[in-house]
Each structure stands twice: as structure tokens, then as C-alpha cells.
Amino acid sequence: MTSTTIASASKAIANVGTALNLPASSPLDSFTGQVETRTFWSASLGRTMPYRVYLPPGYASGSRQYPTVYLLHGMAGSDRQWEDLGIAQAADRLIAAGEIAPLIIVMPEGESAYWVDHATDGQKWGHYTAVDVVNDVDANFRSIARQRSRAIGGVSMGAHGALQLALNYPGEFSAVGAHSLVLRPFVSAPSYFGTAADFAARDPMQIVKARGPGGCSFALWIDIGAGDPWAGVATQFDGELTELGIKHQWHLWAGDHSASYWSAHLDDYLRFYNASLSSRVPRSSLS
């Protein structure tokens, strides 16, 4: 490629950016989001923890604030799981097409702790996720720091985590995405769920029964593959939510409990979060 061709291509990209009213920046910054890794001290866990964060195209060169989605990994995953599924590429594509608004995506590390405050060993994984991680993101990135602009979702163990965190930490999240939702009975729950009474305070099925519609004041999406071993319990939960009058979206799709299923539905997930979140910055935070 000659220098003349490169110059022409760069000029064309710049003209597109001008037409779309994008901030002045490099072509890559304008059209591609970036994934960064950050570590911070979690008071709830008493140790340093990492998380990954997707920053939308143009973030580095602008001053705009963005809604935020927290995506939790499954039991065998890590803070890399959603990135490996292709969430950054899906977000770039939908933002470029104008199908979703630019947003920040946070991918915390949850090990195999089920994203709950443990009843037996003092580890507060729920508080770490819903408070420590959220506070660190709001302090260090241009997130819109309010419930209306904050969503949480997850796959498998992370789906359970997203739902129970929204229930147990009201006021934090305005939308919940439970993808391939795992709902374990007490007899198969990890020991750190504690006694039957402790379990009830951490089990989404029992929490929603106890609180009713008033305790589920967030947009709720549940999806699962028809071939998923957890599909039966999830279908039962869908019926219970309907009987309780709790509004939610329910999707039983072809597929199983696998990365290929989740990757195939990334666009669906992002469209749900986009539709549920407010991108409007509060007047009080405008200079």
C-alpha cells in the first residue's frame, strides 16, 4: 500500500467520523473499544482483586459519561470469560451500527464463590461485587453513577449471582440478565451457603417468593438452552415469576450450557441491557 493510498484511506475515515459527529481521535480509538485490566484493594475480601473493563470507542479522547453493565462469569470461568466469548467485538459492532448506545462493560473476578456473602467463612463476595467493584469503577472511570444507568448479568453461576445481588442489594442495579440460570437446591448448594435459613436468604427462588413484585423493581431477562440440564428448574422459576406477577422476559432457545450458546446470543444480551439502561447524565453532574 502506497503512502498516497494510506493518506486517502485516513482522510475517508476522518470524513466518516465528522459525519457521525465522533470526537477527534485515531481511527482505532474512534471505531474500536478497548479492554483494560485493573486491580484494586477489596475491603470486603481483604485482598487485591482484578477486573477487566471494556471502554467504548472514543472513550480515551472524550469526556462523555456512560451507563455500565457488570457481567459475571460462571463456575469454571474467570474475569476473562466474557472477553473470550467475544463481548468486546459484539459491543463494537452494535455501537458502530447504532443499535446500542456506547457503554462500559465491567467483568469482575469471582473465582468459584457464587458471588454471595458466605455464611460460614466470612468472605463477603456479594458485598465485594455490588459495593467494592462498583465503587471502584465509579471512582476511576466515567460511569454514570446511579441505579438507572447500571445493570448486572451473568452466565451460569454468574446468572444466579446477578439475580441474587440485585435482590440483596436493592438500589444498585436497574436491570438483570440471567443467562443459562443455575438454581441449585439446598442439598446441592456449596457448604458456604450455610444452613437452610442462610440458603433461603441467598436463593433467588425463595427471595422472590418472600418479597413479591415489590422486591423485584428491576428489568429482568432470563434465557436458557432447551438442552441445558438446568432448563427444567429455570422453566419452573419462570412459571413462579408469572404467578407472582413479576414482570420478566423469558427465552427458551435451542442450545445447551456452553460457550457456543452464550456467544451466539451476545447481541441479544447487549440489546436488552441497552434498552433497560438510561444513558442520560443527571443534571447535577453536568458542569
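This text goes with the structure placed above it.
Now for a description of the structure that goes with this document. What you are looking at is a predicted structure, and each value in this text was computed from that prediction instead of being measured. (Residues numbered from 1 in each chain as written. Predicted model: local features only at pLDDT ≥ 70, side-chain atom pairs only at ≥ 80, totals over all residues. Heavy atoms only, no water.)

Details of the pattern of salt bridges
Phase 1: This model, assessed by the stated rule, comprises 10 salt bridges.
Phase 2: The residue R38 makes a salt bridge to D136 at a minimum N-O spacing of 2.5 Å. A residue pair is termed long-range when its members are at least 10 positions apart, and R38 in strand β1 (residues 34-42) and D136 in helix α5 (residues 125-140) qualify at 98 residues.
Phase 3: Judged by its relative accessible area of 11%, D136 falls in the buried class.
Phase 4: Its salt-bridge partner being E83, residue R52 comes within 3.2 Å of it at the nearest N-O pair. With R52 in strand β2 (residues 47-55) and E83 in helix α3 (residues 81-85), the pair connects residues that are 31 residues apart, well separated along the chain.
Phase 5: When salt bridges that share partners are traced, they join R52, D79 and E83 into one network. (Salt bridge = Lys/Arg side-chain N within 4 Å of Asp/Glu carboxyl O. Helix = DSSP H or I, 4+ residues; strand = E, 2+ residues; numbered from the N terminus. Buried < 20%, exposed > 50% of the residue type's maximum accessible area, 1.4 Å probe, protein only.)

Remarks on unusual backbone geometry
Phase 1: We note that E111 has phi near 50 degrees; this positive angle belongs to a residue other than glycine.
Phase 2: Relative to the elements of secondary structure, E111 occurs in the loop between β4 (104-108) and α5.
Phase 3: A relative accessible area of 34% means that E111 is categorised as partly exposed.
Phase 4: The phi dihedral of Y114 falls on the positive side, at around 65 degrees, and the residue is not glycine.
Phase 5: By the element assignment, Y114 lies in the loop between β4 and α5.
Phase 6: Looking at Y114, the relative accessible area reads 2%, which means it is buried.

Describing the sheet that holds β4
Phase 1: Pairing within the open sheet is mixed, and its eight strands lie in the order β1-β2-β4-β3-β5-β6-β7-β8. Here the strands that pair on one side only, and so sit at the sheet edges, are β1 and β8 (249-253). Taking each pair of neighbouring strands and ignoring which way they run, the sheet shows an average axis angle of 20 degrees.
Phase 2: Judged from the nine bridges that link them, β1 and β2 form a sheet pairing that is antiparallel. Residue T37 lies in a different strand from β2, and its bridge partner there is R52.
Phase 3: Helix α6 (residues 157-168) rests against β3 (68-72), β5 (150-155), β6 (175-179) and β7 (219-225) of the sheet, and its axis sits at about 150 degrees to β5. (Pairing = 2+ DSSP bridges. Axes fitted to C-alpha atoms, helices over the stretch in contact; angles between N-to-C directions. Contact = heavy atoms within 4.5 Å.)

Some points on α5
Phase 1: In this model α5 runs 21 Å from its N-terminal to its C-terminal C-alpha over 16 residues, within 8% of the 22 Å that 1.5 Å per residue would give.
Phase 2: Every buried residue belonging to α5 is among W125, G126, Y128, T129, A130, D132, V133, V134, D136 and V137, and all of these are buried.
Phase 3: Next to the buried residues of α5 lie β1, β2, β3, β4, β5 and α6. (Expected span 1.5 Å × (residues − 1).)

Examining the side chain of R202
Phase 1: In this fold, R202 is placed in the loop between α7 (196-200) and α8 (204-211).
Phase 2: Side-chain polar atoms of R202 contact the backbone oxygen of D117, separated by 2.7 Å.
Phase 3: Apart from residues no more than four positions distant in its own chain, R202 is found in contact with D117, H118, A119, H160, Q164, N168, F193 and I207. (Polar contact = N/O pair within 3.5 Å; in protein donor to acceptor, adjacent residues only side chain to side chain.)

Notes on the environment of E83
Phase 1: By relative accessible area, which is 23% here, E83 ends up partly exposed.
Phase 2: If we ignore the near neighbours within four places in the chain, the residues touching E83 are V35, R52 and M107.
Phase 3: Polar side-chain contacts of E83 include one of 3.2 Å to the side chain of R52.

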